[in-house]
Structures are given as structure tokens and as C-alpha cells.
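# Geometric and topological summary
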Amino acid sequence: MAYPPAADLRQKLAEHPLPTVAVTALDPASLTPEETAKIANNVLTVFNKAISTRDITALRNCLFAEQALWKDSLALTYHLRTFSTPAVIAAHLLETTKLRGAHGFGLEFVHFLPVSPTLQFIDCSLSLKTTSPAATCTGRMLLLPVEGSGGLEWKIWVLSTRLESLDAHPEDETLLHTPSTLADGGDDVKTDVFIIGGGNGAVTLASRLKALGVESVMADRNANSGDNWALRYDSLKFHVPTAMCDMPYLPYGEDLKGSHLLTRDELANQVRQYVKEFNLNMITSSQIQSTQYDQATRRWTVKLKTPSGLRTVRSKHLVQATGFASQKPRLPDIAGKEIYKGISLHSKEYKNPKVSLQNKGAKSVLIIGSANTAIDILNDCQTAGLDTTILARSPTYVLPVGYVMDPRSFGLFNQLDTETCDRALMSFPTWVECNMAHGLLAMLASQEPDRYKRVAKAGFPVIDSAHPDACLMHNLVERGGGHYVDIGGLEVIAEGKVGVISSVEPVAYTETGLRLSDGRTAEADSIIWCTGFSDLNARDTVFEVLGGENAADGEEQDSNLLGPREIANKVDATFGVDEEGEIRGLWKRQRGIDNFWFMGGQTQHHRYHSKTVALQIKAELEETIPVFLNSNVQISGIQNQDIAMRPKHHSLASKTPYPPKVPCSLKGTPVHARCAMLQLF
């Protein structure tokens, strides 16, 4: 069974709606900056006192009773966790602040946000220092007004905490410009971190590590850095603001900001410039032949086939950064492919109409799919003069790019610096982030209900953001796509310039096209399958990425040595969300194997979570990363030194179920909150 189990995101969102707090006694006009700061300081004073005196009742009373949430990114749990309900949050906070030697939270700035008549809150930016290990953290606190018996009170609805830096090992950007340490040729390579992949996720992590003084080497199967973009179809464009896609330490030029949408070549050039600017270590045109992990020494040995010969890489950590939902094309298993006389290819193989279709005699094309790639290729083919038809098997969630550019959404990146935007948008628990985004997008869509009326009339079924099934996060993290961010590509449909077939499935090939589930046939002398990829869960690709059957055949019979198959069986599942709303498997330590990491996601994830992964690796190399709690330990009796530092050869292989369950003897904790205070990784 895959670990951790996947939760149903949309069901969880329904179970965790945004709070509706009707407060008649609140006068928003009275909340001047001075009054808002006074309220926040009063709440924070009570909150800090409850933590310092370990008063769990007082701490619970600080929290919004119905829907309190705490999201932690390494600051106190040294993992990525989200907790809910005042009892559970209070118990975990008391234990983790003690273990981390956390000083009191400090208030940085506050402002009042009247989102709606029933959702008004004070947004507080926080600071926090810990001593075990010594670290600098940031936080965020959202306060809701609640009418109580004693009058108006402000309660903590959302608390978020994030590790920003290890005090003994701060980032040093001057290290980025030191020369590459990778020698040309040679057999053996020794490094702290070996990264499989050479795309945005890989290079951003390599730069973060280098700024922390950690050496890494990347291995890319492509011939050149940037080929992860350069080898894709010619007309590819990003459908989000450029500022949202900035990479750490080297942002895109101002001429590419604003409403500009990054092209394939601009994306490729940025990766190439990034590798060159920071002298990052990369072995190109490489193919992994075998991988072994020694559980006794906690070291990796990887054999690579390169143009200069076989090379062996020995490292302390291994990162798979080969992409998600981008490597293994998903093609329907239908009969008769051998009788089809035309061209049939997946979108991964497509370059442009001339090279892929017209030079091979194609005059018509049938495009299967209706998301971003399908609409891009649809416009390509129609513009090139091909008789073009699109087959939309089900309604498509369509999101206008203007909504994405809205300053209340990702358009915020065009107004504020990237770090501020990341903290604003990435610090929310998933349930809050998704429901807020849905509320904004639904409001925008409701203001123009007929926007896609012409498209629907042409036969192309559309779901807009006002539809109850619309959920962008569902498409991004559970489906790996399936939506269209509208940059104008639907006009060819609305204007009748292309054919449309909808609400049917291809069931078999014919000599001249496809037979459909309703009995009709669709004829075309070329077919492009824009049907996505089947590798959203990277657990399914680990075996192949690490060398596959070739490696398995030559494995030594040593119980401490793990080959690709055993490694694949031990790693976590990726994507989808767990019961807490955290994205599964990414950017965090694995339950079943040490020193293995998944790095990836969307471009904002690359920038933000490259730091998350780099800090964990640095802490592990320095032997200061906290260990998780053992399942048979009485938490109230643990001293900081018992688990504050990770033992050099500590194994995570025997971890308990997630979330962990251990006895808790914190006085006053209700029975339902007597879970493991925390599985500290």
C-alpha cells in the first residue's frame, strides 16, 4: 500500500470550509494600524506566556475553537506538517517548542484584511528563534474576531511557521561564483549530494546547496542544460506571470516581466545561463546503469554511462529531480493501431506542424485532449493550414489568464518582491489556500457568466471557476493537469475554424482514423494524443530511473545493500495530498529510507522548496537534524538532549504509521488529542 495514503482533496475542502464569523460588534473603521497592532500584541503576549508556562488550557483558549490550523515547514517539527483543532495544536506546540528551545514569537508587522462580511482577520507576520538547533524562523498568524460572553475577542485561526536559516550555516551567495569542482572525464566522482536530473528543480536545488557550502553533482540524460525545455514543442509558452517563475539568485530580466508569457527558448536559455553563471556541476548525456544504497554506511553508489565512458558517483545523499507527470506518456490501450495508415504520436513527440505532420504528408489532424498542450497544438495546426479537429472527452476547466494575473492572485508577483509573495501565498494550510483561491476565482467568473458561451455553443464543453467541480489545486496535484489557462487559444473554436467532437472516447483505430464510443468514426491522416503522462507518482519511476533491470541483475547479495527495486519499494508516494493537506512525498525525508529526496513540482515550488530540501540536507550533513520521536517514548519525560540531534547512523526504516501515535502524558490533554505529539524527522 502506498505511503502516505492519499486523501480526496475536494472532499477535504468541503470538510474544511473557510470560517464564517458574523461579528456585529466589529467596526472595521476602528481598526487603525495602531489598534490592529495593539490587538495582535495582546494575543501574542497571552500565546507566548501559555507556551513558556506550558499551560495547555490557556494555549487552547488562544485558538479559534472551530477551525484552528497550524502549518509547520521545518521550524519546529523538522518536517512538513499541518495540524488541526485547538487540542491537537496546543499539545504539539508545547512539545515542539520545548524540544527546539524556541524563544517567544515576535511580532514584525500586522494589517487588517476584511475579505468578506463573514471573513475578516488580522494578518500578523512573526519571527522566531530556536536553540536546538540554533535557527532563525518566520511565522504568520491570522486572527479572527469572535463574540464571547465578555465581549469581542480575537482568536488564532491559522498559525504557520517556517525555518529560514541555520544560524551556524547561513547562506553565502559569494560561494555561487566559485569554480566548478567537477573534473572532465575520470572514473570516480565523490560528492555530498548526487542529483538525478538537470531541469529547473535540479539546478535550483544545486544552487541552494552551493550557497550553503554543500557540494552537489547533477546528471542529465540530455546533451545540454536547458534541453528540458528546448526539446519540447516549438510553440510552448508558460501561462503564468514570469515573476512567479523566477529562480533563486538569478531572476528573469525586467523585459520578460509584466504580462509577458515565457516562451520555450526563454525558459531553456534561463536554465543554461543559470548553470553557467553559478558554475554548477553537471554531467550531461548520461545514463544511469546501476544504483546501490548501503544502509550500514548510509552512502550511495551510482554508475553512469557517459560519452567519455563509465563513471562512478559516490555520495551521501541522492535526489531524484527528473520531473513529475512529464516523462511517461499516457496512451489509451485501444485496438487496431497496426491497421491505421496515418501518423499517430503523443504530444511529447510533437515539434511543430511542418516537421511532425506536413513533411510526412499529413493534411488533417485529430487532437485528442483539451488542456494546455492540446489547445497550443490545436492553434499551431490550424494556423499551419491543416484541417484540424479537437476531441474533448469530458468538460474542461478553463481559467482565463487574466484571473491568474489578478493582483489578488499570482499577479501579486508583479507588484511585490518574490520572497514576500512566496511567504504570502505558500504559508497557508492547503485547505485555506484552496478555498480562498476558489472563492476569488468563483467571484471573478460569476461577474462574466457568458464568457465562454460562444465556445460552448461550438460544441466544446467548458467548466468555469464558478462551477462547483472547479478546483485548480485538484488539477495541479491530483491530476497533473487537465485544465486550460486561457491565453486566447479558444477563439479558433468559438469562430468555428476547427472541428469539435465532445463527450466521447476513442475505442479503436480504423484504417483512416478512430472509432468512437458512440459508434461514429473520426477520420484524419494524423492523430496527436495530448493525453498527459502516467508518472505523477514518482514512486512508479524510481526503479527505472535508478537503473532498472540492468542494475538488478548485478546486485551483490548483501543484506545492507539496496538496489533499484528495494529502493523503489521504500520511498514515499508523490503528489496528491495526505490527510493533513500536505503534498505527498516531495521536499521531505522519506519514511523508509535515509538520504533520498524527491525534488520537483511547479516552478514556484522549485524556488521555494529548493530551500526546504537544502536546509534539511545541510542539517543532516552537520549532524544537527532532529530525529523523530520513538513510538514507545512518554513525551512528557523526554529531555531536549535525548532527541535534539540526529544520531550519525540513525535509521528511519522502522517508523510508525502516519500521523504517528504515541502515548502522551501532558496534563490536561483530552483523550482524542493524546496522539504522538509529533513524529519529528
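Residues numbered from 1 in each chain as written. Predicted model: local features only at pLDDT ≥ 70, side-chain atom pairs only at ≥ 80, totals over all residues. Heavy atoms only, no water.

### Quick word on the overall build of the protein
The following threshold applies: Put simply, DSSP H or I for four residues or longer makes a helix, DSSP E for two residues or longer makes a strand, and each gets a number counted from the N terminus. Atoms counted for the radius of gyration: C-alpha only. Globule rule: 2.2 Å times residue count to the power 0.38. When accessible area is computed with a 1.4 Å probe and restricted to protein chains, residues below 20% of their type maximum are described as buried, those above 50% as exposed, and intermediate ones as partly exposed. The contact definition used throughout considers only heavy atoms, calling two residues in contact when any of these lie within 4.5 Å. For the area figures, the Shrake-Rupley method with a 1.4 Å probe applies, and any residue is considered shielded solely by the protein chains shown. In this tally, Lys and Arg are treated as positive and Asp and Glu as negative; His is ignored, and so are the chain termini. Charged groups are reduced to one reference atom each: NZ for lysine, CZ for arginine, CG for aspartic acid, CD for glutamic acid.
Check the secondary structure of the protein and you find 20 helices and 25 strands. Here the protein has a C-alpha radius of gyration of 26 Å; the compact-globule value for 681 residues is 26 Å, and the two agree. In terms of overall dimensions, the protein has C-alpha extents of about 80 × 65 × 45 Å along its principal axes. Within the protein, buried positions represent 57% of all 681 residues. Excluding contacts between residues fewer than 6 apart, the proportion of contacts in the protein whose partners are at least 24 apart in sequence is 70%. Accessible area for the protein stands at about 27,600 Å²; split by element, carbon and sulfur atoms hold 50% of it. Side chains of the protein carry 67 positive and 76 negative charges; the gap between the two charge centres is 3 Å.

### Focus on the sheet that holds strand E14 (residues 364-368)
Across a sheet, paired strands are connected by hydrogen bonds in the backbone, their directions being either parallel or antiparallel. Stated precisely, the cut-off is as follows: For two strands to be treated as a pair, DSSP must find at least two bridges joining them. Orientation is described by lines fitted to C-alpha atoms, with helices fitted over the stretch in contact, and by angles between N-to-C directions that extend from 0 to 180 degrees.
With parallel pairing, 5 strands are arranged side by side in an open sheet as E13-E23-E14-E15-E19. Of all the strands in the sheet, the pair left with one neighbour each is strand E13 (343-346) and strand E19 (499-502). With strand direction ignored, the average angle separating the axes of adjacent strands in the sheet is 15°. Taken together, the 4 bridges between strand E15 (residues 387-392) and E19 define a ladder with parallel strand orientation. Pairing of Ile390 across the sheet is with Val500, part of E19. The sheet contacts of helix H9 (residues 372-383) involve E14, E15 and strand E23 (526-529), and relative to E15 the element is tilted by about 165°.

### Quick look at the side chain of His474
So the rule is basically this: Counting of polar contacts relies on pairs of N or O atoms within 3.5 Å, with two restrictions inside protein: one atom must be capable of donating a hydrogen and the other of accepting it, and residues adjacent in sequence are counted only when both atoms are side-chain atoms.
With respect to the helices and strands, the residue His474 is situated in helix H14 (residues 472-479). In this structure the side chain of His474 is engaged in a polar contact, spanning 2.6 Å, whose partner is the side chain of Glu478. Setting aside chain neighbours within four positions, we find His474 in contact with Leu9, Arg10 and Arg479.

### Things to note about the nonpolar core
For clarity, the cut-off: For this analysis, a nonpolar core means a set of buried residues of the types Ala, Val, Leu, Ile, Met, Phe, Trp, Tyr and Cys, connected via side-chain atoms within 4.5 Å.
Among the nonpolar cores identified, the biggest contains 188 residues, and Phe47, Ile195 and Ile567 are the most heavily contacted of them. Every residue in contact with Ile567, bar those within four places of it in the chain, is listed here: Thr291, Tyr293, Trp300, Val542, Leu546, Leu562, Ile593 and Phe596.

### A look at a positive patch on the surface
The criterion, for reference: Candidate patch residues must exceed 30% relative accessible area and have no salt bridge, after which like charges are joined if within 9 Å and Val, Leu, Ile, Met, Phe, Trp or Tyr side chains if within 5 Å. Salt bridges are defined by distance alone: a side-chain nitrogen of Lys or Arg within 4 Å of a carboxyl oxygen of Asp or Glu.
Residues Arg10, Arg330, Arg393 and Arg479 make up a contiguous surface patch of positive charge. With respect to the helices and strands, Arg10 occurs in helix H1 (residues 9-15).

### Examining the environment of Leu490
Mapped onto the fold, Leu490 is located in the loop between strand E18 (483-486) and helix H15 (491-494). Taking the C-alpha atoms as reference points, Leu490 and Arg454, separated by 36 residues in sequence, lie 9.6 Å from one another. With near-sequence residues (within four places) excluded, Leu490 lies in contact with Ile375, Val398, Tyr452, Val455, Phe460 and Tyr484.

### Quick notes on the packing of helix H5 (residues 200-211) against helix H7 (residues 264-277)
The line we're drawing: Roughly parallel here means an angle under 35 degrees, roughly antiparallel means over 145, roughly perpendicular means 65 to 115, and every remaining angle is called oblique. Crossings are classed by handedness, with left-handed meaning an anticlockwise turn of the near helix from the far one by less than a right angle and right-handed meaning a clockwise turn.
Two elements in contact, H5 and H7, have axes whose closest approach is 11 Å; the angle formed by their N-to-C orientations is 25°. It follows that H5 is roughly parallel to H7 by the angle criterion. Every pair of crossing elements has a handedness; the one defined by H5 and H7 is left-handed. On H7, the residues touching Asn200, Val203, Thr204 and Ser207 of H5 are Val271, Tyr274 and Val275.

### Considering the side chain of Gln590
Note that Gln590 resides in the loop between helix H18 (564-570) and strand E25 (596-598). Engagement of the side chain of Gln590 in a polar contact is seen with the backbone nitrogen of Asp572, the distance being 2.6 Å. From its side chain, Gln590 meets the backbone oxygen of Gly585 in a polar contact 3.2 Å long.

### Structural notes on the environment of Val613
Structurally, Val613 is set in helix H19 (residues 603-621). What makes Val613 buried here is its relative accessible area of 0%. Sequence separation of Val613 and Ala325 is 288 residues, and the distance between their C-alpha atoms is 21 Å. In this structure Val613 touches Leu205, Trp587, Trp597 and Met599, once residues within four positions along its chain are discounted.

This is a description of form; function is not addressed.
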